[in-house]
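# Summary of the model geometry
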Amino acid sequence: SGDAAAQLIETRESGDDVDAARVARWAFFGFILQAPWNHFFYMALDGAIPPTPEPFTVVTLEKVGIDQFVQAPVFTALIFVFFAVIEGKGLDYAKVRSDRTPTPHSPSTVAWVG
């Protein structure tokens, strides 16, 4: 799992153990929510806006825009709600608060930050 690899990198210097419960939560999340969500979203998107033979077209730009500005914010909110509930912290914990580290607005901003 990607989370297990991330934890191995994070704990390399401290010698802490990998949090198996956290790995299990992320694996469960991927199996129950992320994989089905992505499958059906992109199937619906391809059904509504068929792919083109060429990868760099206006159609591709439209689909990326829909992904980044419609799907990504909704899915990011679902991630917060899912983990707040599965970790037993409740829905109030999932609310956006100014005292927390800000979340990038879309997955593409993560690549640009580095």
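Structure report, in brief. All values reported here derive from a predicted model rather than from experimental measurement. (Residues numbered from 1 in each chain as written. Predicted model: local features only at pLDDT ≥ 70, side-chain atom pairs only at ≥ 80, totals over all residues. Heavy atoms only, no water.)

## Details of the overall build of the protein chain
Scanning the protein chain from terminus to terminus reveals five helices and zero strands. Ordered by position in the sequence, the α and β elements of the protein chain form the string α-α-α-α-α. By the burial criterion, 20% of the 114 residues in the protein chain qualify as buried. Partitioning the contacts of the protein chain with sequence separation of at least 6, the portion at a separation of at least 24 is 46%. On the protein chain, roughly 8400 Å² of surface is accessible, and the fraction owed to carbon and sulfur atoms is 68%. (Helix = DSSP H or I, 4+ residues; strand = E, 2+ residues; numbered from the N terminus. Buried < 20%, exposed > 50% of the residue type's maximum accessible area, 1.4 Å probe, protein only. Contact = heavy atoms within 4.5 Å. Areas by Shrake-Rupley, 256 points an atom, 1.4 Å probe, with all protein chains shown as cover.)

## Digging into the pattern of salt bridges
According to the stated counting rule, one finds five salt bridges in the structure shown. Notably, a salt bridge pairs Arg-22 with Glu-10, separated by 3.7 Å at the nearest N-O pair. Pair noted here: Arg-22 is in helix α2 (residues 20-48) and Glu-10 is in helix α1 (residues 2-10), with a separation of 12 residues, a long-range link. Looking at Glu-10, the relative accessible area reads 54%, which means it is exposed. Put simply, Glu-87 and Arg-25 hold a salt bridge, and the shortest N to O gap is 3.3 Å. Here Arg-25 lies in helix α2 and Glu-87 lies in the loop between α3 (58-86) and α4 (91-94), a separation of 62 residues in the sequence. (Salt bridge = Lys/Arg side-chain N within 4 Å of Asp/Glu carboxyl O.)

## Things to note about a nonpolar patch on the surface
Together, Phe-28, Phe-31, Ile-32 and Ile-86 make up a nonpolar patch on the protein surface, roughly 400 Å² of accessible area in all. For the nonpolar patch, the element with the most residues is α2, which contributes three residues. Looking at the secondary structure, you find Ile-86 in helix α3. (Patch = residues over 30% accessible without salt bridge, like charges linked within 9 Å, V, L, I, M, F, W, Y side chains within 5 Å.)

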